[in-house]
Amino acid sequence: VVLGLLAAIAAFWTWNGSDRRQIGRQLEQLQELVSKSGPENDLVGLNRARQIGELFATHFEVRAEQLRFSTRDRRQLARFVHGYRRGSDRIRMRVSDTSLSINPELRRATQHASFQFTGAGPMGSPTEVYRVQINWLKEEGGWRIDYVDLLEIGGGSL
């Protein structure tokens, strides 16, 4: 019984610390930081934008040609995120249609996902759907976003 319990604990520890699970937690954190449940002051908004920037690798690139945005600068990324979030009183971010391939030897992963944003407020559109590619890099301290490419923008629901 004790050996079975120890094996179960070891299996859970391995699964919980797996690369797939770590990337999933990072994506959940991104989802939580982008979402907002009501109006917020600029200090709170800027702090959340800064925290989103911390999810990115030391050297990263974000490409969103459809939005005329591309950057490798953390401050510019934070300004863009803050401006987007400031345009709505409430934002709900949902993630679906994810696929993830991990190359543990290269410490890299590629993920495709759909992000649905539902906003409310003076500038919030009812629903926006973005299909993205996210490349992840395992740095010291865990998995970080290395590259984001906005592949497609659509409306409606997931």
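Above: the structure in question.
Residues numbered from 1 in each chain as written. Predicted model: local features only at pLDDT ≥ 70, side-chain atom pairs only at ≥ 80, totals over all residues. Heavy atoms only, no water.

Asks: Report on helix H3 (residues 42-53), specifying residues and quantitative values.
Replies: In this model H3 runs 16 Å from its N-terminal to its C-terminal C-alpha over 12 residues, within 8% of the 16 Å that 1.5 Å per residue would give. Looking at the buried side of H3, the elements it contacts are helix H2 (19-34), strand S1 (56-64) and helix H4 (74-86). You can read the cap of H3 off the contacts: a side-chain oxygen lies 3.0 Å from the backbone nitrogen of Leu-43, and it is on Asn-41. (Helix = DSSP H or I, 4+ residues; strand = E, 2+ residues; numbered from the N terminus. Expected span 1.5 Å × (residues − 1). Contact = heavy atoms within 4.5 Å. Polar contact = N/O pair within 3.5 Å; in protein donor to acceptor, adjacent residues only side chain to side chain.)

Asks: Requested: an account of the packing of aromatic side chains, with residues and values cited.
Replies: Scanning the entire structure with this criterion turns up five aromatic pairs. A centroid spacing of 4.0 Å and a plane angle of 15° characterise the contact between Phe-69 and Phe-80, whose relative ring orientation is stacked. Of this pair, Phe-69 sits in strand S2 (residues 69-71) while Phe-80 is found in helix H4, placing the two residues 11 residues apart along the sequence. For Phe-69, a relative accessible area of 9% puts it in the buried group. Through pairs of rings, three or more aromatic residues link up here, namely Tyr-84, Phe-115, Phe-117 and Tyr-130. (Phe/Tyr/Trp six-rings, centres within 6.5 Å; stacked < 30°, edge-to-face > 60°. Buried < 20%, exposed > 50% of the residue type's maximum accessible area, 1.4 Å probe, protein only.)

Asks: Give me the lowdown on the nonpolar core, citing residues and values where you can.
Replies: In this structure, Leu-30, Phe-56, Phe-115, Ile-134, Trp-136 and Ile-145 are the most contacted members of the largest nonpolar core, which totals 31 residues. If one sorts the elements of this core by residue count, H2 sits on top with five residues. Beyond its immediate sequence surroundings of up to four residues, Leu-30 is in contact with Ile-52, Leu-55, Met-93, Phe-115 and Ile-145. (Core = buried A, V, L, I, M, F, W, Y, C linked by side-chain atoms within 4.5 Å.)

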